[in-house]
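Single-letter residue listing:
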Amino acid sequence: MIREGTFEEALSLFDSIPEFERFSSENEMKAKLVKGSLILVTEKAGELIGFKMGYPLNEDEFYSWLGGVRPEYRNAKCAQEMLIYQENWIKEQGYKRVKVKSMNRFSSMLCMLIRNGYDIERVDEYGHSELERIGFVKSL
């Protein structure tokens, strides 16, 4: 089940996602979540298994910032379901585009974005292909 969640629920999942590098502080993470932000969580049998957070960039664009699913639930299509839920919510709010970044080393995320109609907008190179950040955009 996907629902709107709290920052505390998303934070409780953060450490169970091995790919994430720790932010300096919870306050640094909270600072990104301005008015109009969305936090989604997904549950299975009452247990939190994934989250997705995003915030408005401007009146036309929404940024899908941070999300993940616990490794033991990754084949359950939770990330795909949260992506669809988030896109529908973004459209309902009147945004025209959604942006997201991922790193070249997260091939399953890159494939999911491309499969869902996201176009590569830019690539930020950092000297090693695994560290490259790839920016995507999708018109809604």
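Here the structure is a predicted model, which means the values were calculated and not measured.

**Q** Teacher, can you tell me more about helix α1 (residues 7-14) here?
**A** Each α-helix turn comprises 3.6 residues. Residues three or four places apart therefore point the same way. Most of α1 sits inside the fold, with 6 of its 8 residues counted as buried. Looking at α1, one finds that the buried residues are Phe7, Glu9, Ala10, Leu11, Leu13 and Phe14.

**Q** Would you take a moment to explain the pattern of salt bridges for this structure?
**A** Side chains that differ in charge, positive against negative, can pair when their charged atoms come close. Per the stated rule, a full pass over the model turns up 10 salt bridges. Taking the shortest distance from any N to any O, the salt bridge between Arg3 and Glu9 comes out at 2.5 Å. Given a relative accessible area of 23%, Arg3 falls into the partly exposed group. The exposure class assigned to Glu9 is buried, which follows from its relative accessible area of 18%. One salt bridge in this structure joins Arg74 and Glu19, with 2.7 Å as the shortest N-O distance.

**Q** How should I be thinking about the sheet that holds strand β6 (residues 119-124) in this particular structure?
**A** Each strand in a sheet pairs with its neighbour through backbone hydrogen bonds, running either in the same direction (parallel) or in the opposite one (antiparallel). With respect to topology, 7 strands assemble into an open sheet ordered β1-β2-β3-β4-β5-β7-β6, the strand pairing being mixed. At either end of the open sheet lies a strand with only one pairing partner, and these are β1 (2-4) and β6. Put simply, the sheet's adjacent strands are angled 25° from each other on average, direction ignored. Relative to strand β7 (residues 133-139), strand β5 (residues 97-103) runs antiparallel, the two being bridged by 7 bridges. Pairing of Met103 across the sheet is with Arg133, part of β7. The sheet strands contacting helix α4 (residues 107-115) are β5 and β7, and the helix crosses β5 at an angle near 155°.

**Q** I tried to follow the pairing of strand β2 (residues 38-44) on my own but got confused; where do I start?
**A** In summary, the side chains of a regular strand alternate between the two faces of the sheet. Taken across its 7 residues, β2 has 6 buried, putting it largely inside the fold. With 3 bridges connecting them, β1 and β2 associate as antiparallel partners. Paired with Ile2 across the strands is Thr42, a residue of β2. Across 7 bridges, the pairing between β2 and strand β3 (residues 47-56) is antiparallel. The residue of β3 that forms the bridge with Lys44 is Glu47.

The rules we used
What you see as residue numbers is a count from 1 along each chain, following the sequence as written. For a predicted model such as this one, the threshold for reporting local features is a pLDDT of at least 70, and the threshold for listing and counting side-chain atom pairs is 80 or more; totals across whole chains, interfaces and linings nevertheless cover every residue. Here the side-chain values reflect all heavy atoms present in the structure, with hydrogen atoms and water set aside. Type-normalised accessible area, obtained with a 1.4 Å probe on protein chains alone, sets the label of each residue: buried when under 20%, exposed when over 50%, and partly exposed for intermediate values. Comment: elements are numbered from the N terminus, with helices defined as DSSP H or I runs of at least four residues and strands as E runs of at least two. The rule for a salt bridge is simple: a side-chain nitrogen of Lys or Arg has to be within 4 Å of a carboxyl oxygen of Asp or Glu. A pair of strands is treated as paired once DSSP finds two or more bridges between them. An axis is simply a line fitted to the C-alpha atoms; with a helix, the fit covers only the stretch in contact. Between two such axes, the angle follows the N-to-C directions and lies from 0 to 180 degrees. In this description, contact between two residues means that some pair of their heavy atoms is separated by no more than 4.5 Å.

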